[in-house]
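Chain and residue survey
Chain residues, written in single-letter form:
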Amino acid sequence: MGAHRRKCDWCGSGTPIVRDMEPLNPEYQYWCEECARALIIKGDPIETYRELEGEPIYGRLLEEHCTLKRFYSFVTA
């Protein structure tokens, strides 16, 4: 199934923008923008991720909303 057909693993309706490359629960790998933002605000951001839309949407969310000073890894192909 292509990324454009996939839905967010958490809400089941949003289009994923990011994939968690090291999920604690493999059932929750793909996250839409709203659910990804909620994770960051909650204080549980995805640390090793791959952007799916070709734009750094998740990276921008981290910059805007993340107050924790951790190292994040952007994974390419």
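Here is a short report on the structure shown in this document. Being a predicted model, the structure only gives us computed values, none of them experimental.

**Concerning the nonpolar core**
One finds V18, W31, I46 and Y58 to be the most contacted residues of the largest nonpolar core, which totals 16 residues. Residue assignment for this core shows that the elements contributing at least two residues are β1 (16-20), β2 (30-32), α1 (33-42) and α2 (57-65). Excluding residues within four positions of it along the chain, W31 makes contact with C8, W10, P16, I17, V18, D20, A36, L39 and I46.

**Notes on the pattern of salt bridges**
This structure, assessed with the given rule, holds 3 salt bridges. The residue E33 makes a salt bridge to R37 at a minimum N-O spacing of 3.2 Å. Highlighted residues: E33 and R37, both in helix α1, separated by 4 residues, approximately one helical turn. Judged by its relative accessible area of 32%, E33 is partly exposed. In this structure, R37 engages E34 in a salt bridge whose closest nitrogen and oxygen atoms are separated by 2.9 Å.

Rules of the game
- Residues numbered from 1 in each chain as written.
- Predicted model: local features only at pLDDT ≥ 70, side-chain atom pairs only at ≥ 80, totals over all residues.
- Heavy atoms only, no water.
- Core = buried A, V, L, I, M, F, W, Y, C linked by side-chain atoms within 4.5 Å.
- Buried < 20%, exposed > 50% of the residue type's maximum accessible area, 1.4 Å probe, protein only.
- Helix = DSSP H or I, 4+ residues; strand = E, 2+ residues; numbered from the N terminus.
- Contact = heavy atoms within 4.5 Å.
- Salt bridge = Lys/Arg side-chain N within 4 Å of Asp/Glu carboxyl O.

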